[in-house]
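# Coordinate analysis (summary)
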Amino acid sequence: MAAADYLPVTLRDAGAFLKRELALFPGRVNVMLRCMLTSAIVIVVSMALEVPELALSLLVVFYVTQSNVVVTRLVGVMFIVGSTLAIGLSILVLKFTFDYPLLRIVIASLLFFGSVYLMRVLKIGVVFFIVAIVVIYVQSFVDQTDQADLLIRAVLWVWVAVNYPIALALLVNTLLLPAEPQLQLKAEIHRQLAALDTRLAQLIDGATSAAPITLASVQQGALALQKLLRFTTMRDARYREHQALQLACIATVSRLYRVANELPLSWSGASAVRLAMLRELRANVRALDESVMSGELYRYVSTATPEERNAADAIPAAGELQRALHAYADLVASGVEPGKPPASEPMVAPDAWTNPAYMRFSLKTLLAVLVCYVFYNAVDWQGVHTVMLTCLIVALPSLGASTQRALLRLSGAAVGSALALFMVVFIVPHLDDIVGLLLMALPVVAFGAWIAAGSEKIGYAGLQVMFTFSLALVNQFGPTTNLTEIRDRMVGILLGVCVATFVQMSFWREGEGDVLRQKLATMLRAIAAQLRAPQAGSDQRDELSYAQRQLQAWAVLADCEATLSRVALEPDWQEVEQAQLTLRAQTVLAQGREIMLAGDALRNTLAAQAGSWSPRTVDAVRSTQEQASVELNRYADELASNPPDARAPRRIGIAAQAVEPAQLAQPADGSLIAAAEDLSRQVAGLPDWRVEAPVAAPSSQAIRT
């Protein structure tokens, strides 16, 4: 037994989480190197030219340095616009209200309220997040000096400290270490197709050394393709012109990658006919990969005879590979765009001026900030000015998201403070030049950048590690041995989190429980639409539509998972109801994934050897699919109602009612019936949401990955 087995379950789970989130993935090293290089230049420039607010400059570098050039430029431009607007408004407020503190606070509060409101309703809300945070940050400057010229000078230096690192970051990201989204998209497509090629080679050669492809990697791969395609269309006009065709391409690749998960690990005793079929599939996977890499049109490569090609029906997954490749090849050969791509999101939220939740959110955030401002001035504790910034930083639309952000801020600040404390005690007394400063700071910058480049579950903690460390050690133009600043930062952050959480819970709670149910209902409707897809006689356009719906279903599943993780973190006075909601939602999410996989397996089984199934069996199976689709839509409608009144779906009878064993035309019909029964069983596994219904944990089969 391993030593880890003696640890508490919570520690083992935390260790597994950190191992998964801190693991290497393509592009992570690139982001870390870009952050390190830009940060090193910023540290040298700020120290040499004595530009104040170095910690703020490093924070801006982390915010601007994104996964590719497109996002980096977009964020950089928004930061420049936001900081310029914020500094301009702050100077105007100070010009007319410097001698009138009450009027200054009132006007600053109105600006803050409007900025937080626009932050919620606009797609470019980050611009007004910067305005809000600068407006509040400037108020702490006013309380430190009574000389207007020094105050304006400090405010203008903030503009310099924010914008010159943006220019450096854009230069580094564009010239030295570019990460073009087109190349990233091609690399991700190549990775997925290479994994499928390896699995096919494994079947052909009889080897078993290839690592399995998990459903989690399938889902992450689908989301990565969608995200990279969106960035690529922003960057490349050619991709914008043929966006629908590119969407069909990534839908096909995602479908092929998912089917790789269903291929058997080995196929012992395969005949020469079946091996020829597998070699043709492998040749076409490579041809698709080469066409994507070179930008040439894909053509289906025929290396097998019709008899050998028909052998794909022996493995339903191989048959689906064949249909997917044929469908995409036929679309490319026809030269017809497969419909219009989905419309982009509007710039302003549709309910921006009618939904009271936005105004309530702004009022709650303003109240938390004003409470902290009064406390900050009443105790005359200058070191805890981060208490006000924390209230805005952790202010997110839902209580669960705010709690997640607060935990990341606290944990990141704790790690950064611990590193700063270690450096002050053991390293700083031995430093005497800029080289020593860089050798001390850059490892911490690299560590913070590695975390920041991860998923949203830990990414924000990386920013806090770097920012807290730099505030304590590199925000002055000389070595520091003051430990009180480290303590004050942590106290300010902790107080800000407590005040913000209390205000969020006490006034107009914005939990995501209802939002989660709506998203789960959307997921089930998407799965129901897949079950209604044409099962026989479908043309190639239907095959592509099915692949695109499948790609969207993975995106909805991921969105539900992210929402569920936030709901699980929501503090609630009614813990029993919260636990029931979380457990039922987990069951629906797990069963939804299983229903989608079972429906896909049934579709593949039905398509394989289509002419050998008895007509009565086929009719019974299609009737089962229709009934399952109806049950899912009914369940989704009841789940979306408030309060939810979703009844567990009934088990759909198949063989016993529609097909007698003696009437089966072929013995192989039993596999088709078994696949239909599996779909029926998974649909019936959805939980009952009525108040009197017991709450059951999801089965181990349902939560498999």
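Residues numbered from 1 in each chain as written. Predicted model: local features only at pLDDT ≥ 70, side-chain atom pairs only at ≥ 80, totals over all residues. Heavy atoms only, no water.

## A closer look at the overall build of the protein
To keep it simple, the criterion reads: By definition, any uninterrupted DSSP run of H or I lasting at least four residues is a helix, any uninterrupted run of E lasting at least two residues is a strand, and each is numbered from the N terminus. Working definition: with a 1.4 Å probe on protein chains only, accessible area under 20% of the residue-type maximum means buried, over 50% means exposed, and in between means partly exposed. Contacts are assigned to residue pairs with any non-hydrogen atoms lying within 4.5 Å of each other. For the area figures, the Shrake-Rupley method with a 1.4 Å probe applies, and any residue is considered shielded solely by the protein chains shown.
When its secondary structure is counted, the protein shows 26 helices and 0 strands. Taking all 705 residues of the protein together, the buried fraction comes to 51%. Considering only residue pairs separated by 6 or more positions, the protein has 81% of its internal contacts joining residues 24 or more positions apart. As displayed, the protein has an accessible area near 31200 Å², and 63% of this comes from carbon and sulfur atoms.

## Considerations on the pattern of salt bridges
Just so we agree on the cut-off: The term salt bridge refers to a pairing of a side-chain nitrogen on Lys or Arg with a carboxyl oxygen on Asp or Glu at a separation within 4 Å.
Scanning the entire structure with this criterion turns up 18 salt bridges. Between Arg235 and Glu180 there is a salt bridge, and its shortest N-O distance comes to 2.7 Å. Within this pair, whereas Arg235 is found in helix 9 (residues 215-235), its partner Glu180 is found in the loop between helix 7 (148-176) and helix 8 (181-205), the two being separated by 55 residues in sequence. Residue Arg235 is classed as partly exposed on the basis of its relative accessible area, which comes to 30%. A salt bridge links Glu561 to Arg593; the nearest nitrogen and oxygen atoms lie 2.2 Å apart.

## Brief notes about the nonpolar core
Note the following rule: Put simply, buried Ala, Val, Leu, Ile, Met, Phe, Trp, Tyr and Cys residues joined by side-chain atoms within 4.5 Å make one nonpolar core.
In terms of nonpolar packing, the biggest core is built from 95 residues, with Leu288, Leu520, Met523 and Leu632 touching the most fellow members. Sort the elements by how many residues they give to this core and helix 11 (residues 243-262) lands first, with 11 residues. Residues contacting Leu288, with those up to four places away along its chain left out, are Leu193, Val253, Leu256, Tyr298, Leu325 and Tyr328. In this structure, Ile87, Val142, Cys372 and Leu408 belong to the second largest nonpolar core, which totals 60 residues.

## Side note on the confidence of the model for the protein
This is how it is decided: pLDDT measures how confident the predictor is about each residue, on a scale from 0 to 100.
Of the residues in the protein, 88% have a pLDDT of 70 or more, and the chain-wide mean is 82. Taken together, the stretch residues 656-665 has pLDDT below 50 and engages in 12 contacts with residues farther than four places along the chain or on a different chain. For residues 699-705, every residue scores under 50 in pLDDT, and the model assigns this stretch 13 contacts once sequence neighbours within four places are set aside.

## Points about the side chain of Asn173
What counts, and what does not: In protein, a polar contact requires one atom able to donate a hydrogen and another able to accept it; more generally it is a pair of N or O atoms within 3.5 Å, and residues adjacent in sequence count only if both atoms are side-chain atoms.
For Asn173, the position within the fold is in helix 7. A polar contact is formed between the side chain of Asn173 and the side chain of Arg34, at a distance of 2.5 Å. Within the structure, the side chain of Asn173 is placed 2.5 Å from the backbone oxygen of Ala169, a separation counted as a polar contact. In this structure Asn173 touches Arg34, Thr65, Val69, Thr72, Pro178 and Ala179, once residues within four positions along its chain are discounted.

## As for the side chain of Arg34
Note the cut-off: Under the convention used here, Asp and Glu are negative, Lys and Arg are positive, and both His and the chain ends fall outside the count.
Along the polypeptide, Arg34 turns up in helix 2 (residues 28-49). Buried within the structure, Arg34 lacks any salt-bridge partner; Glu180 is the closest side chain of opposite charge, at an N-O distance of 10 Å. Within the structure, Arg34 has its side chain in polar contact with the side chain of Asn30 (distance 2.6 Å). Among the polar contacts listed, one links the side chain of Arg34 to the backbone oxygen of Ser67, at a separation of 3.4 Å. Setting aside residues up to four positions removed in sequence, Arg34 forms contacts with Thr65, Gln66, Ser67, Asn68, Thr72, Val172, Asn173, Leu177 and Ala179.

## Some points on the packing of aromatic side chains
Stated formally: Any two of the Phe, Tyr and Trp rings considered here, Trp counted by its six-membered ring, make a pair once their centres fall within 6.5 Å; the pair's planes then place it as stacked at under 30 degrees, edge-to-face at over 60, or tilted in between.
Under the defined criterion, the tally for this structure stands at 7 aromatic pairs. A ring pair is formed by Tyr63 and Phe79, whose centres lie 5.6 Å apart and whose planes are at 35 degrees; its orientation type is tilted. Residue Tyr63 is found in helix 3 (residues 54-64), and its partner Phe79 is found in helix 4 (residues 69-97); the two are separated by 16 residues along the sequence. Judged by relative accessible area, which is 8%, Phe79 ranks as buried.

## Quick notes on the environment of Leu85
By the element assignment, Leu85 lies in helix 4. Distance from Leu85 to Ile130, taken between C-alpha atoms, is 8.9 Å for residues 45 residues apart in sequence.

## Notes on unusual backbone geometry
One non-glycine residue, Glu53, lies in positive phi territory at about 60 degrees. Relative to the assigned elements, Glu53 resides in the loop between helix 2 and helix 3. Residue Glu53 is classed as buried on the basis of its relative accessible area, which comes to 18%.

## As for helix 15 (residues 356-378)
For the record, the criterion: What a helix should span is 1.5 Å times the count of its residues minus one.
Helix length check: helix 15 (23 residues) gives 33 Å between terminal C-alpha atoms against 33 Å at 1.5 Å per residue, within 8%. For helix 15, the full list of buried residues reads Ala357, Tyr358, Phe361, Ser362, Lys364, Thr365, Leu366, Ala368, Val369, Cys372, Tyr373 and Tyr376. Buried-residue contacts for helix 15 involve helix 5 (101-121), helix 6 (125-142), helix 16 (386-393) and helix 20 (484-506). If you check the start of helix 15, you find a side-chain oxygen 3.0 Å away from the backbone N of Ala357, and it comes from Asn355. At the exit of helix 15 stands Asp380, carrying a positive phi of roughly 55 degrees.

## Quick notes on the packing of helix 8 against helix 9
Formally: For helices, the fitted axis covers only the stretch in contact; all axes are lines through C-alpha atoms, and the angles between them, taken along N-to-C directions, range from 0 to 180 degrees. Angles below 35 degrees are treated as roughly parallel, those above 145 as roughly antiparallel, those between 65 and 115 as roughly perpendicular, and all remaining angles as oblique. With the far helix as reference, a near helix turned anticlockwise by less than a right angle produces a left-handed crossing, and one turned clockwise produces a right-handed crossing. Under this grouping Gly is polar, as are all residues other than the nonpolar Ala, Val, Leu, Ile, Met, Phe, Trp, Tyr, Cys and Pro and the charged Asp, Glu, Lys and Arg.
It is at 8 Å that the axes of helix 8 and helix 9 come closest, and there the two elements cross at 155 degrees. With respect to helix 9, the element helix 8 is oriented roughly antiparallel. Here helix 8 and helix 9 pass one another in a crossing that is left-handed. Here Pro181, Gln182, Gln184, Leu185, Glu188, Ile189, Arg191 and Gln192 of helix 8 come into contact with helix 9, specifically with Gly221, Ala222, Ala224, Leu225, Leu228, Leu229, Phe231, Thr232 and Arg235. Among the residues making up the contact of helix 8 with helix 9, the classes are represented as 9 nonpolar, 5 polar and 3 charged.

## Digging into the packing of helix 5 against helix 15
To characterise two packed helices, one gives the angle between the axes of the helices and the distance between these axes. The contact between helix 5 and helix 15 brings their axes to 9 Å, and the two run at 140 degrees. By the angle class used here, helix 5 and helix 15 are oblique. Note on packing geometry: the crossing formed by helix 5 with helix 15 is right-handed. Between helix 5, through Arg104, Ile105, Ser109, Phe112, Phe113, Val116, Tyr117, Met119, Arg120 and Val121, and helix 15, the contact on the second element is made entirely by Ala357, Tyr358, Met359, Phe361, Ser362, Leu363, Thr365, Leu366, Val369, Leu370 and Tyr373. Partitioned by chemical class, the residues of the contact of helix 5 with helix 15 number 16 nonpolar, 3 polar and 2 charged.

## With respect to the environment of Ala553
By the secondary structure assignment, Ala553 is in helix 22 (residues 540-567). Here the alpha-carbon distance between Ala553 and Ile527, two residues 26 residues apart in the chain, equals 6.9 Å. The contact partners of Ala553, leaving out residues within four places of it in the chain, are Gln530 and Met596.

## Points about the environment of Ser83
Along the chain, the position of Ser83 falls in helix 4. Considering only alpha carbons, one finds Ser83 and Val160, 77 residues apart in sequence, at a separation of 9.7 Å. Ser83 has contacts with Ile130, Trp159, Val162 and Asn163, leaving out every residue within four places of it along the chain. Polar side-chain contacts of Ser83 include one of 2.8 Å to the backbone oxygen of Phe79. There is a polar contact of 3.2 Å between the side chain of Ser83 and the side chain of Asn163.

## Description of a nonpolar patch on the surface
We count it as follows: Like charges are joined within 9 Å and nonpolar side chains (Val, Leu, Ile, Met, Phe, Trp, Tyr) within 5 Å, but only among residues with over 30% relative accessible area and no salt bridge; these make up the patches.
A cluster of nonpolar residues, Met359, Leu363, Leu367, Val371, Phe507 and Trp508, forms a patch on the protein surface that exposes about 530 Å² of accessible area. Following the sequence through the fold, Leu363 ends up in helix 15.

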